[in-house]
Amino acid sequence: MSYKGSYIWSLRRQVGSRKLLVPGAQVLLIDAEGHGLFQQRADTGVWELPAGSCEEGGDFTDAAVREVAEETGLRVARDDLVAFGTLSDPQVRTLTYPNGDVTHCFALCFVARRWAGELSPGADEVRRAVFRPLDAPPRPLHPPTEVVLSMYERFRVEGRFQAR
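In this report, we go over the structure that sits alongside the text. (Residues numbered from 1 in each chain as written. Predicted model: local features only at pLDDT ≥ 70, side-chain atom pairs only at ≥ 80, totals over all residues. Heavy atoms only, no water.)

## Remarks on the nonpolar core
Logical step 1: Counting 17 residues, the largest nonpolar core has L28, F38, F84, L87, V111, V148 and Y152 as its most contacted members.
Logical step 2: If you list the elements that add at least two residues to this core, you get strand 5 (82-87), strand 7 (102-112) and helix 4 (143-158).
Logical step 3: With 6 residues, helix 4 is the largest single contributor of residues to this core.
Logical step 4: Other than its neighbours up to four places away in sequence, V148 contacts Q26, L49, F84, L87 and C109. (Core = buried A, V, L, I, M, F, W, Y, C linked by side-chain atoms within 4.5 Å. Buried < 20%, exposed > 50% of the residue type's maximum accessible area, 1.4 Å probe, protein only. Helix = DSSP H or I, 4+ residues; strand = E, 2+ residues; numbered from the N terminus. Contact = heavy atoms within 4.5 Å.)

## Points about the pattern of salt bridges
Logical step 1: Per the counting criterion, the structure on display carries 12 salt bridges.
Logical step 2: A salt bridge links D101 to R12; the shortest N-O distance between them is 3.4 Å. Residue D101 is located in the loop between strand 6 (94-96) and strand 7, and its partner R12 is located in helix 1 (residues 7-15); the two are separated by 89 residues in the primary sequence. Both residues of the pair, D101 and R12, count as buried. (Salt bridge = Lys/Arg side-chain N within 4 Å of Asp/Glu carboxyl O.)

## A few points about the sheet that holds strand 8 (residues 126-133)
Logical step 1: With antiparallel pairing, the 3 strands of this open sheet are ordered in space as 3-2-8. The sheet is open, and its two borders are formed by strand 3 (47-48) and strand 8, each paired with just one other strand.
Logical step 2: In terms of strand pairing, strand 2 (residues 35-41) meets strand 8 through 7 bridges, oriented antiparallel. By the bridge assignment, R41 is partnered in strand 8 with V126. (Pairing = 2+ DSSP bridges.)

## Things to note about helix 4
Logical step 1: The end-to-end C-alpha separation of helix 4 is 23 Å, in line with the 22 Å expected for 16 residues at 1.5 Å each.
Logical step 2: For helix 4, every residue scored as buried is listed here: P144, T145, V147, V148, L149, M151, Y152 and F155.
Logical step 3: Where helix 4 terminates, the next one or two residues include G159, which has phi positive at roughly 70°. (Expected span 1.5 Å × (residues − 1).)

## Description of unusual backbone geometry
Logical step 1: Residues R139 and P140 are joined by a peptide bond in cis, for which omega reads 0°.
Logical step 2: Mapping P140 onto the fold places it in the loop between strand 8 and helix 4.

## A look at the packing of aromatic side chains
Logical step 1: Overall, the coordinates contain 4 aromatic pairs when judged by the stated rule.
Logical step 2: Their ring planes at 75° and their centres at 5.2 Å tell us that F84 and Y152 sit as a pair that is edge-to-face. Taken together, the positions of F84 in strand 5 and Y152 in helix 4 put the pair 68 residues apart, joining distant regions of the chain. For the residue pair F84 and Y152, the accessibility class agrees, reading buried in each case. (Phe/Tyr/Trp six-rings, centres within 6.5 Å; stacked < 30°, edge-to-face > 60°.)

## Structural notes on the pairing of strand 2
Logical step 1: Among the 7 residues of strand 2, 6 are classified as buried, and the element is accordingly described as predominantly covered.
Logical step 2: Where strand 2 meets strand 3, 2 bridges bridge the pair, whose relative direction is antiparallel. Among the inter-strand pairings, Q40 is bridged to a residue of strand 3, identified as W47.

## Some thoughts on the side chain of D80
Logical step 1: Structurally, the position occupied by D80 is in the loop between helix 2 (60-72) and strand 5.
Logical step 2: The residues touching D80, leaving out its near neighbours within four places in the chain, are V111, A112, R113 and R114.

## Overview of the environment of V27
Logical step 1: When you line up the elements, V27 lands in strand 1 (residues 20-29).
Logical step 2: Sequence separation between V27 and T94 is 67 residues, and the spatial gap between their C-alpha atoms is 19 Å.
Logical step 3: When sequence neighbours within four positions are dropped, the list of residues in contact with V27 reads L49, P50, A64, V68, L81 and F110.

Written out as structure tokens, the structure is:
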């Protein structure tokens, strides 16, 4: 689904650019070499992980599956998603978009090591997508993505769900 017609789009028509509290998901796809998939945003040029908001009637996992498909062309199964953390820190997750819209995002962060399909970035949202070592992501990196990568590293080392 494109932004136009989405749940957030319908809310924006009512409240304008006012700050919205938005639940959503971020997905770290890791290939066989241990590299993560990063995508460059079409609107700002920063690099980030596939991510997006929940839609009415859906849950965090639905959002993760849908956003990976829309933004990368890849298909990930619900059962292949492992939740490793949640990021809702307003200092990190309050975002102002180029059009002035403001959101405070509450993201459930997933990792997946299996998927199907060919990498085909969604041209309306993504300029390009690349697999890179997690300790050498492309720059400039979206600040929340930096935090998610550090949370994933702690999860990997400690084996504990991360919350920030």
